[in-house]
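# Chains, contacts and geometry: an overview
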Amino acid sequence: MLRTETCGSLRLQDAGKEVTLAGWVQRVRTMGGLVFVDLRDRYGITQLTLNGERDNNLKEQAEHLGREFVIQARGVVIERVSKNKNIPTGEIEIDVKEIKILNKAATPPFTIEDDTDGGDDLRMKYRYLDLRRNAVRKNLELRHKMTIEVRKYMDSLNFLEVETPVLIKSTPEGARDFVVPSRMNEGEFYALPQSPQTFKQLLMVSGFDRYFQIVKCFRDEDLRADRQPEFTQIDCEMSFVEQEDILQTFEGLSKHLFKNILGVEQTESYPRMSWHDAMKYYGSDKPDIRFDMKFVELDNILKGHGFSVFDNAAYIGGICVEGKASMTRKEIDSLTDYVKRPQVGAKGMVYARVEADGSVKSSVDKFYTPEVLQQLKREMNAKEGDLILILSGDDIMKTREQLGELRLEVARRIGLMDPNKYACLWVVDFPLLEWDEDTKRFYAKHHPFTSPKPEDISLLDSDPGAVRANAYDMVINGVEVGGGSIRIYDSELQKKMFKVLGFSDEQAQYQFGFLINAFKYGAPPHGGIAYGLDRWVSIFAGLGSIRDCIAFPKNNSGRDVMIDAPSIIDNAQLEELCLQVCIPQKK
């Protein structure tokens, strides 16, 4: 071994011990005849002291050291005169007797420190350097600890970790597949899995009873802060269960992670909220319930008073911002500009202040009597000093979503999103189907194997849009961290589901015949869930994006700028795959 200790392990009780350390040079400082070197490895930083007055050879070597040089140092642990209380090794230093440069380094393109001067693009290009930073490394250490704890918990409940194929068959539902041409099967393609969904159901048919897998999944979709083209799921399935069994088991996993990773003990059951209520009161199927500000519908109060914007609206809703009647006109105008952005899409915003004397002053006073404004105050349960914000629109669901965006933005601006508070929630009773006006057909809101609520099955024939799914999502602080459902296990019900989705018998058999046929041989009742590991880690690490908890992420264009992928491939490879591709000129 080139080292006897790591750069984070030595303490004052090790004084007098002869040690050999190896690592990267964080910085070099010269003070007269003394040279101080901060040596860094994965475990921490230790200060080396090179006495050039005592040893001229050490002085010469120190003069050639630069940032990120890889070196080996042998010396004796001594008590540090000027102690550094900010690091665990701050009470000691190494009185160096011998130093060896193992590898020289070019000057890095950014400083490798917590407060780096490197922007996102630069750090992604040199990700292998970015990973040397404490802040990024700690995220990956946290990720490692979480996967260990997941495996401990799942193993304790007799779950088996089973690997499923990565090269599978493309299916038309859900997000776009990444496709892989097959050289040995000319003109045919594999797809990379968006989820191991069908395979984990087949494992239940196989009698494996309890399955899990920490698995890579792939979706060719537009990216944002919480999406990557490849991501990792904690994928799980159970046999002979109902919805309540799934919720209890995986609420248990959540509590296990909070306790063993963050030291947070959660004793109460997570609240449950129907999808209908989530949309009605928060305008989102993943509401952040760390703070209140529920929606109040105001059609019965604000319509019919001559204000055409409200009189002609299909929906009028408001939120009460406690204690913020003191917001300036400039701050309110800024919120109005926010909701009018194309990403939100509202046409405007109305506000009302509850004054200290209990009167209400609004931006549309000329249309409403004091009596109506007092009625508004009562309906909103507002008190002196509160601010009421109101949106309206022609589309009920769209306006609720806009009001939901406003609610979140207000909470961000006034500091209601406490990062140290964790509000966990189950959202249940989703719609089974979504109608697409362009294609004039229903699509599965989750996937075509999700079971309807038993009491709604009869509606598949008469009113498919009203059918509720036996499905559930876990939400933490407004982030969906996982979701799943009880599955259809009856082949006749599965056939009916495919029919509602517009599949002919031939199409259903071609796409999913292997699963339908498997059901004929005795499929147990089963269900499952998939947690997004990247999202869990980002929440626990307090990150705004999942990129910094993935070792080698893609950028917002789906590119790996470090290895320059995706890239053009050689014509010989294309010919071998029987592909003809129009290759653009490289810029």
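Residues numbered from 1 in each chain as written. Predicted model: local features only at pLDDT ≥ 70, side-chain atom pairs only at ≥ 80, totals over all residues. Heavy atoms only, no water.

## Re the pairing of strand β10 (residues 230-239)
- Among the 10 residues of β10, nine are classified as buried, and the element is accordingly described as predominantly covered.
- Of the strand pairs in this sheet, strand β9 (residues 210-218) and β10 are connected by nine bridges, and their pairing is antiparallel. Across the sheet, Phe-218 pairs through a bridge with Glu-230, a residue of β10.
- Here β10 pairs with strand β22 (residues 526-532) via seven bridges, running antiparallel. Bridge pairing in β22 places Cys-236 opposite Ile-529. (Buried < 20%, exposed > 50% of the residue type's maximum accessible area, 1.4 Å probe, protein only. Helix = DSSP H or I, 4+ residues; strand = E, 2+ residues; numbered from the N terminus. Pairing = 2+ DSSP bridges.)

## Focus on the packing of aromatic side chains
- Taken as a whole and judged by the stated rule, the model has 18 aromatic pairs.
- Their ring planes at 85 degrees and their centres at 5.2 Å tell us that Phe-449 and Phe-512 sit as a pair that is edge-to-face. Pair noted here: Phe-449 is in the loop between β19 (441-444) and α13 (459-462) and Phe-512 is in helix α15 (residues 505-519), with a separation of 63 residues, a long-range link.
- For the cation-ring pair, Lys-294 lies above Tyr-281, with the distance from its terminal atom to the ring centre recorded as 5.3 Å. (Phe/Tyr/Trp six-rings, centres within 6.5 Å; stacked < 30°, edge-to-face > 60°. Lys NZ or Arg CZ within 6 Å of the ring centre and 35° of its normal.)

## A closer look at unusual backbone geometry
- A cis amide bond links Ala-565 to the next residue, Pro-566, at an omega of 5 degrees.
- Residue Asn-158 is not a glycine yet carries a positive backbone phi of 70 degrees.
- By secondary structure assignment, the location of Asn-158 is in the loop between α4 (134-156) and β6 (160-161).
- For Cys-578, which is not glycine, the phi dihedral falls at a positive 60 degrees.
- Residue Cys-578 is classed as partly exposed on the basis of its relative accessible area, which comes to 41%.

## Description of the pattern of salt bridges
- If you walk through the whole model with that rule in mind, you get 49 salt bridges.
- Residue Asp-130 is joined to Arg-123 by a salt bridge in which the shortest nitrogen-to-oxygen separation is 2.8 Å. Summarising the burial analysis for this pair, Asp-130 and Arg-123 share the class buried. (Salt bridge = Lys/Arg side-chain N within 4 Å of Asp/Glu carboxyl O.)

## Let's talk about the sheet that holds strand β17 (residues 424-428)
- In spatial order, the strands read β6-β9-β10-β22-β21-β20-β17-β11; together these eight strands make up an open sheet with mixed pairing. For this open sheet the edge positions go to β6 and β11 (272-274), each flanked by a neighbour on one side alone.
- Pairing analysis gives two bridges linking β6 to β9, with the strands arranged parallel. If you follow Leu-160 over to β9, its bridge partner there is Tyr-211.

## Here we look at the environment of Pro-448
- Residue placement: Pro-448 occurs in the loop between β19 and α13.
- Among the residues examined, Pro-448 registers a relative accessible area of 3% and is labelled buried.
- The spacing of Pro-448 and Leu-433 is 15 residues in sequence and 9.2 Å in space, taken between C-alpha atoms.

## Regarding the UniProt feature "binding site: L-aspartate" (unreviewed entry) in the protein chain
- According to UniProt, the feature "binding site: L-aspartate" (unreviewed entry) maps to Glu-173, Arg-219, His-446 and Arg-487 in the numbering used here.
- Its place among the elements puts His-446 in the loop between β19 and α13.
- Beyond its immediate stretch of four places on either side in the chain, His-446 contacts Phe-430, Ala-471 and Asp-473. (UniProt positions renumbered as here; feature names shortened; annotations may be inferred. Contact = heavy atoms within 4.5 Å.)

## Let's talk about the side chain of Arg-80
- Tracing the sequence through the fold places Arg-80 in the loop between β4 (70-79) and β5 (92-103).
- Buried and unpaired, Arg-80 has Glu-93 as its nearest opposite-charge partner, separated by 4.8 Å.
- Polar side-chain contacts of Arg-80 include one of 2.8 Å to the backbone oxygen of Ser-82.
- In this view, Arg-80 contacts Gln-47, Ile-87, Gly-90, Glu-91, Ile-92 and Glu-93; residues no more than four positions away in its chain are not counted. (Lys, Arg positive; Asp, Glu negative; His and termini not counted. Polar contact = N/O pair within 3.5 Å; in protein donor to acceptor, adjacent residues only side chain to side chain.)

## Description of the packing of helix α5 (residues 197-205) against α15
- At a closest axis distance of 10 Å, the pairing of α5 and α15 adopts a crossing angle of 20 degrees. What the angle tells us is that α5 and α15 run roughly parallel. Regarding α5 and α15, the two cross each other, and that crossing is left-handed. Residues Thr-198, Gln-201, Leu-202 and Val-205 of α5 form the contact with α15, whose participating residues are Phe-514, Leu-515, Ala-518 and Phe-519. (Axes fitted to C-alpha atoms, helices over the stretch in contact; angles between N-to-C directions. Parallel < 35°, antiparallel > 145°, perpendicular 65-115°, else oblique. Left-handed = near helix turned anticlockwise from the far one by under 90°.)

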